[in-house]
Amino acid sequence: MTIEADYWDKPNIVRRTVSRPDLEPMVAERINDDPTSMLSTVRRGITIMDSRSVSMVDTQEDLQAIVDREMYKVLQIEQYVDIETLNMPHHEAYDVLELVKKNTISGVFQEVAWSMELAAGGAMRHTLARVVI
């Protein structure tokens, strides 16, 4: 079994700007400075910014809502687990299963990929994913 989660390039500042000829320029920003968050500016000691321009926004409130939603998405990190089993003939796309391995990992995962060795006694490799907030 292998376990992988990528925290490296997750931003802790999200900024969006609007620059349209019919409106005053607008900027909205959300900073993750929560000391309990492992991605925060406080815990990391560095800032990683996701700064983009958006165009179809008319109000500052709408722009701030976009930034808040983007920050929420950034804080959700996917954890991937690869496991191996015997071939499973009754297998469906996006199966959901509970994985429990004592002293290692426990949780509910969705299968996002698999491959089979097409031979007697062949192995099936599964890639499972879950969101870790």
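Relevant structure appears above.
No experiment lies behind these values; they were computed from the predicted model shown.

1. A short note on the overall build of the chain
(1) Moving on: Scanning the chain for helices and strands turns up 2 helices and 8 strands.
(2) Moving on: Going from N to C terminus, the chain has its helices and strands arranged as β-β-β-α-β-α-β-β-β-β.
(3) Moving on: Computed over the C-alpha atoms, the radius of gyration of the chain is 21 Å, more than 25% above the 14 Å expected from 2.2 N^0.38 for a compact globule of 133 residues.
(4) Moving on: In terms of principal-axis extent, the alpha carbons of the chain reach across some 70 × 35 × 20 Å.
(5) Moving on: Intrachain contacts of the chain at a sequence separation of at least 6 include 65% that bridge at least 24 residues.
(6) Moving on: As displayed, the chain has an accessible area near 9000 Å², and 53% of this comes from carbon and sulfur atoms.
(7) Moving on: The averaged location of the 22 negative side-chain charges in the chain is 4 Å from the averaged location of its 14 positive side-chain charges.

2. Notes on the sheet that holds strand 5 (residues 77–86)
(1) Moving on: A sheet is described by the order of its strands in space; here 5 strands give the open sequence 1-5-8-7-6, paired in antiparallel fashion. Of all the strands in the sheet, the pair left with one neighbour each is strand 1 (2–5) and strand 6 (96–101). Sheet twist, expressed as the average angle between the axes of neighbouring strands with direction ignored, equals 35°.
(2) Moving on: The pairing of strand 7 (residues 105–116) with strand 8 (residues 123–132) spans 6 bridges and is antiparallel. Paired with S115 across the two strands is R125, which belongs to strand 8.

3. Considerations on the pattern of salt bridges
(1) Moving on: Enumeration over the complete set of coordinates arrives at 9 salt bridges.
(2) Moving on: Taking the shortest distance from any N to any O, the salt bridge between D50 and R52 comes out at 3.0 Å.
(3) Moving on: On the accessibility criterion, D50 (12% relative accessible area) is buried.
(4) Moving on: Of the charged contacts in the structure, one is a salt bridge between E70 and K73, with a shortest N-O distance of 3.4 Å.

Calculation rules
Residues numbered from 1 in each chain as written. Predicted model: local features only at pLDDT ≥ 70, side-chain atom pairs only at ≥ 80, totals over all residues. Heavy atoms only, no water. Helix = DSSP H or I, 4+ residues; strand = E, 2+ residues; numbered from the N terminus. Rg over C-alpha atoms; globule rule 2.2 N^0.38 Å. Contact = heavy atoms within 4.5 Å. Areas by Shrake-Rupley, 256 points an atom, 1.4 Å probe, with all protein chains shown as cover. Lys, Arg positive; Asp, Glu negative; His and termini not counted. Charge placed at Lys NZ, Arg CZ, Asp CG, Glu CD. Pairing = 2+ DSSP bridges. Axes fitted to C-alpha atoms, helices over the stretch in contact; angles between N-to-C directions. Salt bridge = Lys/Arg side-chain N within 4 Å of Asp/Glu carboxyl O. Buried < 20%, exposed > 50% of the residue type's maximum accessible area, 1.4 Å probe, protein only.

So, to be careful, I would describe these as geometric facts and stop short of saying anything about function.
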